[in-house]
Amino acid sequence: AAPPLRAERDLVLEAVAQTAPALQSRGEEIGFELMLSGSLMNDCALQYAAEELRSDRSFVLRAVAIDGAALLYAIGGLRSDPEIVSKAVNQTGLALVYAVQELRADREIVQQAVQQNGLAFRFAAEQLRADRDLVLTAVEQNGGMLKYASQELRGQREVVLQAVQRGGLALRFAPEALRADRGIVLEAVKDNSEALRYASEELRSDRELFLEAVGQRGELLSEAPRELRGDREVVLRAVRQNGSALASAT
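Residues numbered from 1 in each chain as written. Predicted model: local features only at pLDDT ≥ 70, side-chain atom pairs only at ≥ 80, totals over all residues. Heavy atoms only, no water.

Here's the deal with the packing of helix 10 (residues 157–166) against helix 12 (residues 182–191)
Running from N to C, helix 10 and helix 12 cross one another at 20°; their axes reach a closest spacing of 7 Å. Considered as vectors, helix 10 and helix 12 are oriented roughly parallel to each other. Of the two elements, helix 10 crosses helix 12, and the hand of that crossing is left-handed. Judged by residue contacts, Arg157, Val160, Leu161, Val164, Gln165 and Arg166 of helix 10 engage Gly183, Ile184, Glu187, Ala188 and Asp191 from helix 12. Among the residues making up the contact of helix 10 with helix 12, the classes are represented as five nonpolar, two polar and four charged. (Axes fitted to C-alpha atoms, helices over the stretch in contact; angles between N-to-C directions. Helix = DSSP H or I, 4+ residues; strand = E, 2+ residues; numbered from the N terminus. Parallel < 35°, antiparallel > 145°, perpendicular 65-115°, else oblique. Left-handed = near helix turned anticlockwise from the far one by under 90°. Contact = heavy atoms within 4.5 Å. Nonpolar A, V, L, I, M, F, W, Y, C, P; charged D, E, K, R; others polar.)

Shown next as structure tokens:
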């Protein structure tokens, strides 16, 4: 049996509150399996609570309202309880990863999670990746979520445009035709100069796009075609941002 204090409700909730930031700031590159394993959640206090609390529906509802990621340590089938999961993802969208597959296919729950944190879209069930409204909500917060959209939606100009405006490097997830769309590429480069690397071959020689790119990172002059490395305005823009870019001038 667990020590008596680990079964004391108010004490455990105080501990959960103290460890609540455990999942809030995790980056988008954390793998699904790593998150699912709980190895990133070693600080979540609910794991140390008595089993009688971790299987108590009313108590778990209170715990996930404080720290949604505490859902990972709920037992007794509570991770398949729609109300508990809804409460968890409203507090921490990324807690969606700890819900059962059936609830990761529940549009309402996924929408709540994505509205709280766009990164949660990566944990949505496959069938929801073709939901245009969900995808737009996700990429509006983090353009990189375009990666998890269906192939059809990744081919829609409006979706891709919104994604690159929120994360220029999302351009790499767009189909070839949209990576050759000058308007989309320009928006991507405005957000992140390195997005130019994912543009079509023709646009990687575009003067206006390079002016935008080197204005952010002068060293990108080294990737410009020879004629642009001999263009005074382009070189001037680059060296004003990074004097060492002069080494790439011709």
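Structure's up, so let's keep going.
Observations regarding helix 10
Residues that lie three or four places apart on an α-helix share one face, since the helix turns once every 3.6 residues. For helix 10, the set of buried residues is Val159, Val160, Gln162, Ala163 and Val164. In this fold, the buried residues of helix 10 make contact with helix 8 (132–141), helix 9 (151–154), helix 11 (176–179) and helix 12. (Buried < 20%, exposed > 50% of the residue type's maximum accessible area, 1.4 Å probe, protein only.)

Considerations on the pattern of salt bridges
Inspection of the entire model under this criterion finds 16 salt bridges. With a closest N to O distance of 2.6 Å, Arg57 and Glu83 form a salt bridge. Taken together, the positions of Arg57 in helix 4 (residues 57–66) and Glu83 in helix 5 (residues 82–91) put the pair 26 residues apart, joining distant regions of the chain. Among the residues examined, Arg57 registers a relative accessible area of 35% and is labelled partly exposed. In this structure, the salt-bridge partner of Arg132 is Glu158, at a minimum N-O distance of 2.6 Å. A residue pair is termed long-range when its members are at least 10 positions apart, and Arg132 in helix 8 and Glu158 in helix 10 qualify at 26 residues. One connected set of salt bridges, linked through shared partners, spans Glu194, Arg197, Arg217, Glu219 and Glu223. (Salt bridge = Lys/Arg side-chain N within 4 Å of Asp/Glu carboxyl O.)

Quick word on helix 13 (residues 207–216)
Those residues of helix 13 that fall on the buried side of the exposure criterion are Leu209, Phe210, Leu211, Ala213 and Val214. Residues of helix 13 that are buried sit in contact with helix 12, helix 14 (226–229) and helix 15 (232–241). Where helix 13 starts, the residue carrying a side-chain oxygen 3.0 Å from the main-chain nitrogen of Glu208 turns out to be Asp206. (Polar contact = N/O pair within 3.5 Å; in protein donor to acceptor, adjacent residues only side chain to side chain.)

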